[in-house]
Amino acid sequence: MTTPASPFHDLSHYVAIPRISGLALSPDGDRLVTTVATLNRKGTGYASALWEIDPTGQSPAHRITRSTKGEAGAAFAANGDLYFSSSRPSPDSDDEEPRSALWLIPARGGEARMVLNRPGGIAGVVSAKDADRVLVTAGLLPGAKDEEQHAALAKARKEGGVDAILHAGYPIRYWDHDLGPEVPHVFAVERGPDPASDPDEGEDEAQAPLPGTLDRSPELRLRLLTGELPTPLHEPQPVLADDGTFALLTAAVPMGRADLREKVVRIDVTTGTVSTLADLEGQEVGAGPISPDGSRAVVVVSHLSAPDRAPHPRLHVIDTSTGELTPLAHDWDRWAQPVAWTADGKSVYVLADDDGRRPVFRIDVASGEVTQVTHDDAAWSDLVLAPDGRTAYGVRSSYEFPSEVVRLDLATGEVTELPGPVERPTLPGTLEEIETTTEDGTRVRAWLALPHTPKKDQPHPMLLWIHGGPLGSWNAWSWRWCPWLLVAQGYAVLLPDPALSTGYGQDFIQRGWGAWGEAPYTDLMAITDAAEAREDIDETRTAAMGGSFGGYMANWVAGHTDRFKAIVTHASLWALDGFGPTTDAAFYWQREMTEEMSQANSPHRFVQDIVTPMLVIHGDKDYRVPIGEGLRLWYELLSRSGLPQSEDGSTVHRFLYFPQENHWILSPQHAKVWYSVVESFLADHVLGQEPSALPEVLGLSAPAEEGKDS
């Protein structure tokens, strides 16, 4: 078998590339752990494992967990023990259906062992930096007051074959999964019997923090910390103080009429007392990192969006006792994610989209002065600071390489790539940056991925890729939307950041807010014009593609221009009047557009003007953009577009449907189908070539020709 020139020339090689995510640093700074996902034996999914990386860069990375079920959520305890969640069965467990349980690898060495298992499993784990305190997030069935009641209810539902869920509030779905019947909560992990079971048991002993010898204790239990909160917590992410005495949590605030916003609560871990720390009328507050001494934290505050006003997240320092808020760097026009305090409590490190990158920044708390620390063409995540205060570690990626773990000198900004579990794949082309100025004087920029030197007098066909969000940026590697797979087929791929993109200031976002069909569309056309003006681009062979909001924009493009030879629209918004009330977060949508704005910006109104062949792709389990959008788009394309279905039933349009996929096509076998169908559709309509062979599992070797049954 011939070895492909790069992994991007063969879909089987592409889906088999290992994928890095997450980063945990031990309190002493000597150990780094990341998660690596690899293709399973059947090629139908990914299993993750924990790998250790040498922070000094002297030794190669090595794998520290092995199971077919995989592991995730690594967190170091104060004594160096490593906690993680895994669904692997324990050698000492008779559970025939192992769930995601809490596991531990002792700092002193030894085999990983299960330390806590429960019906419904464990979702995540958080450890205090300087104290033996561990919190977990897990689900609790309604009506259950403790783990015993939870287990009994879970058993009754299973044995009774009941999967019905009774809701009394909103939302009932989130992205790709149903909410309920379990309600996510935060628990403290402790040892010793439940104090309620023995009135003579000393309270101090019963509530003793989790020790480093947790794995030896036969009587571990969970103590509910968030039972007092009146509303469900969706994917709670507690921020634990270094000394383990309290945690901050972003919690929902119901506002009536199926609307809600967010506040920050403080949880006293010892007593279980929950108190509201920041609840601002007309605004949302999100919890961020806590200062080393526990007296302050950084939170993100944003007014609720409205049809005439985009959200505007801003940093504040909050007193963790009084809730008093102090603005932080409000003259800096970027949306920042706070990640860590310096050891002296004088500065905060943040990440923020900026001009097609996502650098690391340092903010002086006293003055608000912002200093950019990294200057590479990369997007950073998972930043962790070493105890020495001079070094940090992070995960970075760009469109030139997938996620990798690196060391950062905080004083100089020097970045050192560490020997990791995965090598950078060979790319089939090069990456450039282009920009243009629109009619209103706004600068719009983009990445342009190009095949290696074209043949003489043969410029590249080009694909315009429109990002989702829409509040986002093409700045980080994506496995779901990877331009290099199409570059390997000979296309140039344009990745622009139009109006509504982050990293260019608040005014750039406001230009497109509530008017999706205006500045975002004209920005896209302007940067496409600039790309097509290049000698190495063939303006007669182009297509537009997008997913989610990008799919919305692809639909809008289809109804407003015939300049493209084909349109690929994935998980797309079509009729905004139907999308608004049926998406999983309808309350957010209602804030952005009035009914009149929604009607004016709805692509379905222009279906009769669509004369470009369209490939519609949708997953049935998509709750963010429900399947009804794809179904209505497909029907109206065939019945009302400028290229309708012919009398004999043939059509140039195609609908690729995934019954078990959601907003994202995550299964590797389906990702291969996705790209195979896209490549075939583009070859037919953009290149004018014989359509590429489709996977045999679809039952067709190529798309049906016009005039034949499809």
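Coordinates for the structure precede this section.
Glancing now at the sheet that holds strand E24 (residues 347-352). The 4 strands lie next to each other as E23-E24-E25-E26, forming an open sheet whose pairing is antiparallel. A single partner strand is all that each edge strand has here, and the edge strands are strand E23 (336-341) and strand E26 (370-372). Strand-to-strand, the axes of this sheet are offset by a mean angle of 30°, without reference to chain direction. Sheet topology note: the E24/strand E25 (residues 360-364) ladder contains 5 bridges and is antiparallel. Its bridge partner being in E25, Ser 347 is matched across the sheet by Asp 364.

What follows deals with helix H7 (residues 549-558). Along H7, 10 of the 10 residues are buried, which leaves the element largely enclosed by surrounding structure. The set of residues buried in H7 consists of Phe 549, Gly 550, Gly 551, Tyr 552, Met 553, Ala 554, Asn 555, Trp 556, Val 557 and Ala 558.

With the exception of glycine, the majority of residues adopt a negative phi angle, and the majority of peptide bonds are in the trans configuration. Tyr 170 connects to Pro 171 through a cis peptide bond whose omega is 5°. Structurally, Pro 171 is set in the loop between helix H2 (147-160) and strand E11 (173-174). Look at the link from Gly 180 to Pro 181: it is a cis peptide, with omega at 0°. The residue Pro 181 is located in the loop between strand E12 (177-178) and strand E13 (183-191) in this model.

Before going further, it helps to examine helix H11 (residues 627-640). Every α-helical turn comprises 3.6 residues, leaving residues that sit three or four positions apart pointing alike. Counted at 1.5 Å a residue, the expected span for H11 with its 14 residues is 20 Å, and the 20 Å between its end C-alpha atoms agrees. Listed as buried for H11 are Ile 627, Glu 629, Gly 630, Leu 633, Trp 634, Glu 636, Leu 637 and Leu 638. Those residues of H11 that are buried are in contact with H7, strand E36 (566-570), helix H8 (576-582), strand E37 (614-619) and strand E38 (654-658).

With that out of the way, let us pick up the sheet that holds strand E18 (residues 274-278). By way of backbone hydrogen bonds, the strands of a sheet pair with one another, either parallel or antiparallel. Strand order in this open sheet of 4 strands is E15-E16-E17-E18, and the pairing throughout is antiparallel. Each edge of the sheet is formed by a strand with only one pairing partner; in this case those strands are strand E15 (239-240) and E18. Note that E15 and strand E16 (residues 246-256) share 2 bridges and pair antiparallel. Residue Leu 240 lies in a different strand from E16, and its bridge partner there is Ala 247.

Procedures and definitions
- Residues numbered from 1 in each chain as written.
- Predicted model: local features only at pLDDT ≥ 70, side-chain atom pairs only at ≥ 80, totals over all residues.
- Heavy atoms only, no water.
- Pairing = 2+ DSSP bridges.
- Helix = DSSP H or I, 4+ residues; strand = E, 2+ residues; numbered from the N terminus.
- Axes fitted to C-alpha atoms, helices over the stretch in contact; angles between N-to-C directions.
- Buried < 20%, exposed > 50% of the residue type's maximum accessible area, 1.4 Å probe, protein only.
- Expected span 1.5 Å × (residues − 1).
- Contact = heavy atoms within 4.5 Å.

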